[in-house]
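Here's the letter readout for the chains.
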Amino acid sequence: AAIAPAALSIALKPACPLPTFCSEDPTVDCHSLSEGDCGDYLRCLFTHPDTNPPSPSFCQDRCVVEEAKCGDAYTYSDKQAMMIVGLMFGLWVMASMVLCVFVVKEKGARSNTPRVSAEFSVDQAAQAPENAAANRPPTKVEETLPNFIAMMKNQPFRAMVVPWVLDQTLAAMVATMLPFFVTYVVAPERFCVRDPVIPETHFICSDLNVLSVGLVGLLVAAIAAMPLWYTIARRFGDYKAWLAFNFLNAITNILLLFPGYYWEDRVTLVIVTCIFAALNGLPMGAKFLTDNILGMVIDYDELRRGVRTEAAFTMFSGFIPKVVSVPAAAFPLSILAAIGFKAPAPPNGEPNLYQPEKVTWGIRIMFAVVPTFLALLSCYLKATRFPFKDLGVADAEIKAGLLLRRQGRAYLDPLSRKFVLPAPPPRQEWLRSITLLDHFTGPNVIIATLEESPADRGSWLRRRATKQLIAAAVCTGVALTGTAVTISLGMLQNRAWGWVPSILVILTGLGVLAVLVAWLRRRAAQALCELNLSDELLKNVLAERSLVPESEIPRPDVSNAFELVSAVASLEANAWEIIHDPRRATMPAGNPAGVALTSAQARGVSAPPRTL
């Protein structure tokens, strides 16, 4: 994406040498010459413009005309290069997506709770028509909100969300402000007209060339840094490398505060800018660490719930950049407009290189200072809020807990450090009712439902959801009305008050989301009123949402959980030797928890070599 446009643009640029007379008398001002004096210089030509309405005749500089023709030719070659690159990437995406559909196979969901098959639903409905609504499996719409709620109840994931948003905001702001930084702060086309004048056709006098070289350096550095970050992660752990990537990002971002068109040595300015851009590629090579940690968070979510919902997490991870990119791009542009940015002049859209000093400093701050602050804040939140500091130990405890949970035995929660005894698997005909109840969080909701009479169960939830829906609709209506009023009053075009309608638009969007959530809850509560919520069903859900006291957990299960954690940790610590040189691998003596691992092996989970 960075190399192809620059390479194609250079390859497609036509040869455009200036006439030899352009090197003669460069100080001659043709426009100031009369018709008689204009013919004394080869580079000057008296012109009679053929325009409507008529324009006055004047002495024209032929070299300026030739340079403009070269500039137009270069612009056309740039457009051709971008069109070809767009076509290449479009075909690449189409081919890779088709290949993905035919090659990649999705792993099935693992759960203690088997899903209801279509055959079961039809048979049960035929045997008991009054129970058809309860027996059928939940729909995708009914599963949407419970999956999102369960995802947000995952504490490690919640701790990742805000730093994740900050990282994506940082990347979006840098991508938005990069062309502004090159065009108006480094300003190659501006510093080339300083004495001594550098010809416009020189390589460093094009902001596109400087931008392309900087992007190439950034990309090459990011690719070269990936093995280095992988080595750092193996040596010091993913968590420490994750923090180091943010801290390094802050250091490399602040370097871009210093380059500017006022530097005396213009070649040094371009070289230093490209080097600083390449240094900013170093932390980009560590982006894979977030995906690594997200994978462990997904494992922990499976340990909590007994169901693996990778799709919800990966959907959310892909959704964050799209949501963040709009305000992250609009915010700095709004600030520049408010402090007096001079827009490109029509009709050709040529940039106004001579911006006010406060605008160039605004670009510097939005491009270097604000991203540095965001990177440091993200690093601080990761260091203070993410609960798993030793990811190797946490990963071993999660994997051991998964093995025990699939056997229905007590496991150690690596976050709360308490033992959890999984609730008995629910009946298949309860699955839809449980999914509908999962629209409402906490054990108190289930207790309140249990206290209702069997005929009225679900009514309290319906009343509560109705009140939430009305409140959300009113707030959304107020925000929408405020948006319409402020826009009609012209506040959107007002530099001082333009932020008001922007904030109201965001609040309106959040209100629409709140209305949707309240409607889904109201819909689930109405469905629960039509089902038979037995005491046995509600007590099963309450047991799933409550923690069993450790005194009630069998002591052998507690000791077995510790032994299994040690076995899995030893297996992971020696994984490299086990794969490449099994004779050098060291396993726990006697293979603690070997019975559990052998049982897990029967469920399709690999056991240590000694057990095999």
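Below: a short report on this structure. (Residues numbered from 1 in each chain as written. Predicted model: local features only at pLDDT ≥ 70, side-chain atom pairs only at ≥ 80, totals over all residues. Heavy atoms only, no water.)

**Considering the nonpolar core**
Looking at soluble globular proteins, one finds that nonpolar side chains tend to be buried together. Where we set the bar: Residues belong to a common nonpolar core when they are buried Ala, Val, Leu, Ile, Met, Phe, Trp, Tyr or Cys residues joined through side-chain atoms within 4.5 Å. Partly exposed describes any residue whose relative accessible area lies between the buried limit of under 20% and the exposed limit of over 50%, with all areas from a 1.4 Å probe on protein chains only and scaled to the type maximum. A run of H or I in DSSP counts as a helix once it spans at least four residues, and a run of E counts as a strand once it spans at least two, with each numbered from the N terminus. Residues are treated as being in contact if the distance between any of their heavy atoms lies within 4.5 Å.
Residues Phe157, Phe181, Trp242, Ile363 and Phe386 are the most contacted members of the largest nonpolar core, which totals 82 residues. Among the elements that take part in this core, helix α7 (residues 155-186) stands out by supplying 17 residues, more than any other. Excluding residues within four positions of it along the chain, Phe157 makes contact with Met151, Met152, Trp164, Leu294, Val297, Phe313 and Phe316. If you look at the next biggest cluster of nonpolar residues, it comprises 18 residues, including Leu537, Leu538, Val541 and Leu542.

**Focus on the packing of aromatic side chains**
Applicable threshold: Paired rings are identified among Phe, Tyr and Trp, the last through its six-membered ring, by centres lying within 6.5 Å, and are further divided according to the angle between planes into stacked (under 30 degrees), edge-to-face (over 60) and tilted (the rest). By definition here, charges over rings are those cases where NZ of Lys or CZ of Arg is within 6 Å of the ring centre and within 35 degrees of the ring normal.
Per the counting criterion, the structure on display carries 13 aromatic pairs. When the ring of Phe157 is compared with that of Trp164, the centres are 6.4 Å apart and the planes differ by 80°; the resulting orientation is edge-to-face. Take Trp164: its relative accessible area is 7%, and that puts it in the buried class. Their ring planes at 55° and their centres at 6.5 Å tell us that Tyr239 and Trp242 sit as a pair that is tilted. Highlighted residues: Tyr239 and Trp242, both in helix α10 (residues 238-255), separated by three residues, approximately one helical turn. For Tyr239, a relative accessible area of 7% puts it in the buried group. Put simply, the rings of Phe148, Phe157, Trp164, Phe313 and Phe316 touch in pairs and so form one group of aromatic residues. The ring of Phe236 is capped by Arg235, whose NZ or CZ atom sits 5.0 Å from the centre of that ring. A cation over an aromatic ring shows up here: Arg364 above the ring of Trp361, its NZ or CZ 5.0 Å from the ring centre.

**What to know about helix α19 (residues 459-488)**
Turn by turn, an α-helix covers 3.6 residues, leaving residues three or four places apart pointing in a common direction. Definition in use: The span expected for a helix works out to 1.5 Å for each residue beyond the first.
Helix length check: α19 (30 residues) gives 43 Å between terminal C-alpha atoms against 44 Å at 1.5 Å per residue, within 8%. Those residues of α19 that fall on the buried side of the exposure criterion are Ser459, Leu461, Ala465, Ala472, Thr476, Ala479, Gly482, Thr483 and Thr486. Contact partners of the buried residues in α19: α17 (431-437), α18 (443-450) and α20 (499-529). Looking at the residues trailing α19, positive phi occurs at Gly490, about 80°.

**With respect to the state of the cysteines**
For the record, the criterion: Two cysteine sulfur atoms form a disulfide, by the criterion used here, when they sit within 2.5 Å.
Enumeration over the complete set of coordinates arrives at two disulfides. The partner cysteine of Cys38 in its disulfide is Cys59, sulfur to sulfur 2.1 Å. Between Cys38 and Cys59, the S-S dihedral sits near 80°, and the bridge is therefore right-handed. In this pair, Cys38 sits in helix α2 (residues 35-38) while Cys59 sits in strand β2 (residues 58-61), placing the two residues 21 residues apart along the sequence. A residue is classified by how much of its surface remains accessible, and Cys38, at 1% relative accessible area, is buried.

**With respect to the pattern of salt bridges**
Put simply, the rule reads: Each reported salt bridge corresponds to a side-chain nitrogen of Lys or Arg within 4 Å of a carboxyl oxygen of Asp or Glu.
Under the criterion given, the structure shown has 13 salt bridges. For Asp395, the salt bridge goes to Lys399, with nearest N and O atoms at 2.8 Å. A residue pair is termed a helical-turn pair when its members lie 3 or 4 positions apart in one helix, as Asp395 and Lys399 do in helix α16 (residues 391-406) at four residues. When salt bridges with common partners are traced through the structure, they connect Asp299, Glu302, Arg308, Glu310, Asp395, Lys399 and Arg406 into a single cluster.

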